[in-house]
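One letter stands for each residue in the lines below.
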Amino acid sequence: MEEANSSEEFTFIQQEAFHLHLDTGTLTRVVVVITTSIFFIYVNSIMFLTLRSKATFSETSRYILFANMLLIDSVHLVGTTLLYAIGAAGFHLIKTVCALLTLMPATTYTTTPLNLAVMSLERYVAICFPLRHTEITTQRRTNIAIGLVWFFGSLNFIIDMFYITIKQPHSLTAVIPCTRPGLFPAKWHIQLGQGLNSFYFVVVVLTIIYTYIGIIVAARSVSTDKVSARRAHRTVLLHLIQLGLCLTSLLYGIFESMTVTAGSSMYYLQIVNFISLILLPRCLSPLIYGLRDNAFRPLFLRYFRCNFRKIRPDVLGQ
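Residues numbered from 1 in each chain as written. Predicted model: local features only at pLDDT ≥ 70, side-chain atom pairs only at ≥ 80, totals over all residues. Heavy atoms only, no water.

Can you break down the overall build of the chain residue by residue, with the values?
The number of helices and strands found in the chain is 14 helices and two strands. Split into buried and exposed, the 318 residues of the chain put 48% on the buried side. The contacts in the chain between residues at least 6 apart in sequence include a share of 80% that link residues at least 24 apart. Element-wise, carbon and sulfur atoms account for 68% of the exposed surface of the chain, whose accessible area totals about 15600 Å². (Helix = DSSP H or I, 4+ residues; strand = E, 2+ residues; numbered from the N terminus. Buried < 20%, exposed > 50% of the residue type's maximum accessible area, 1.4 Å probe, protein only. Contact = heavy atoms within 4.5 Å. Areas by Shrake-Rupley, 256 points an atom, 1.4 Å probe, with all protein chains shown as cover.)

Written out as structure tokens, the structure reads:
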């Protein structure tokens, strides 16, 4: 998993695009990608509005973590779309501005799996320690966990920027192609990113597997709510699928290099490649998770259809 790092993803998104002129094909790619990204962000915004519509959602750890997932994926969509458009247009940016733009997708690339690990732990506590669930997963502790997720997700970028600011402050005003290697050209930057991302990935996988096994064992207990346990281990299994969706971006570079080598006539495939491997997984992951929830789904569908009439309490209690 040493290749599982955000620098490769964003390098391929832009590096090849710098060699293209802003012709009709390139302009079409940018317009289609931006339009698709706006639609996905709209869907995430409706889900976020749904979570903010009821006090129960704002006070329950499970839904607080879900809201954080939506925030992470929305920021990632905005960041990758901006980098894609800038790279396709061939723009060069001041290094400081480029760092701010790259910070968003670089951080959210890592925070997504970390947030999934925390969500799995929350479900584990709910099933294995039902009497202490409310006590353990308080709103304050959930917010602290979210803060730690964002801190560890941005740790690699913070270290890189701290080094550049101290050792090479004069370079912050340089105009560069806005890519991760353009920001941090030293080999140790890449190795640090690979090491941290590999470590995070192993921790997340082990956490999800541990919670999945723990929930299955708890489900066999006489005192455990069988229905809740069955739903919980399906949710944790879904987290593994969501983790897989996050890692589809690793395939982007392979297919992108193939389409670029084939020539500019393949720009339609480049659009499909970016949407299906970069944008779509970030929208599908929270959408699938939300639609599985009986309390969240009816509210979301009402808001998505622009129907803001009050929903009956008995529907929300299902």
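That shown, we press on.
Go over the state of the cysteines, please, and point to the residues and values.
Inspection of every chain in the model, using the stated rule, returns one disulfide. Each sulfur of the disulfide joining cysteine 98 and cysteine 178 lies 2.1 Å from the other. The disulfide joining cysteine 98 to cysteine 178 has a torsion of about 100° about its S-S bond and is therefore right-handed. Taken together, the residues cysteine 98 in helix H5 (residues 95–128) and cysteine 178 in the loop between strand S2 (175–177) and helix H8 (180–183) connect sequence positions 80 residues apart. For the pair cysteine 98 and cysteine 178, one class covers both residues: buried. (Disulfide = S-S within 2.5 Å.)

Could you give me a rundown of a nonpolar patch on the surface, with the residues and numbers involved?
Judged by side-chain polarity, Ile209, Ile213, Val217, Leu237, Leu240 and Ile241 come together as a nonpolar surface patch covering roughly 500 Å² of accessible area. Of all elements in the fold, only helix H9 (187–219) and helix H10 (226–246) reach the threshold of two or more residues within the nonpolar patch. Mapping leucine 237 onto the fold places it in helix H10. (Patch = residues over 30% accessible without salt bridge, like charges linked within 9 Å, V, L, I, M, F, W, Y side chains within 5 Å. Salt bridge = Lys/Arg side-chain N within 4 Å of Asp/Glu carboxyl O.)

Give me the lowdown on the side chain of aspartate 293, citing residues and values where you can.
Structurally, aspartate 293 is set in the loop between helix H12 (267–291) and helix H13 (296–304). Those residues in contact with aspartate 293 that lie beyond four places of it in its chain are Arg62, Tyr63 and Pro298.

Which residues make up the nonpolar core, and what are the values?
Note that soluble globular proteins tend to have their nonpolar side chains buried in a common cluster. Core analysis: the largest hydrophobic core is formed by 48 residues, its most contacted members being Met47, Leu51, Phe57, Phe66, Leu279 and Phe296. Counting residues per element, the ones that place at least two in this core are helix H2 (24–52), helix H4 (61–89), H5, helix H7 (139–167), H9, H10, H12 and H13. Per-element tally for this core: the top contributor is H4, with nine residues. Counting 15 residues, the second largest nonpolar core, distinct from the first, contains Ala106, Phe157, Leu172 and Phe184. (Core = buried A, V, L, I, M, F, W, Y, C linked by side-chain atoms within 4.5 Å.)

So, the packing of H4 against H7: which residues are in play, and what are the values?
Where H4 meets H7, the closest approach of the two axes is 9 Å, and the angle between their N-to-C directions is 25°. By the angle between their axes, H4 is roughly parallel relative to H7. Here the hand of the crossing between H4 and H7 comes out right-handed. For the pair H4 and H7, the contacting residues are Ser61, Ile64, Leu65, Asn68, Leu71 and Ile72 in the first and Gln139, Thr142, Asn143, Ile146 and Trp150 in the second. Considering only residue class, the contact of H4 with H7 consists of six nonpolar, five polar and no charged. (Axes fitted to C-alpha atoms, helices over the stretch in contact; angles between N-to-C directions. Parallel < 35°, antiparallel > 145°, perpendicular 65-115°, else oblique. Left-handed = near helix turned anticlockwise from the far one by under 90°. Nonpolar A, V, L, I, M, F, W, Y, C, P; charged D, E, K, R; others polar.)

Hey, could you go over the pattern of salt bridges for me, with residue numbers and the actual values?
Inspection of the entire model under this criterion finds four salt bridges. Residue arginine 62 pairs with aspartate 293 through a salt bridge whose shortest N-O separation is 3.5 Å. Residue arginine 62 is located in helix H4, and its partner aspartate 293 is located in the loop between H12 and H13; the two are separated by 231 residues in the primary sequence. The exposure class assigned to arginine 62 is buried, which follows from its relative accessible area of 18%.

Could you give an account of a positive patch on the surface, with specific residues and numbers?
A contiguous patch of positive charge on the surface is contributed by Arg230, Arg231, Arg234 and Arg292. Looking at the element boundaries, arginine 234 is found in helix H10. (Lys, Arg positive; Asp, Glu negative; His and termini not counted. Charge placed at Lys NZ, Arg CZ, Asp CG, Glu CD.)

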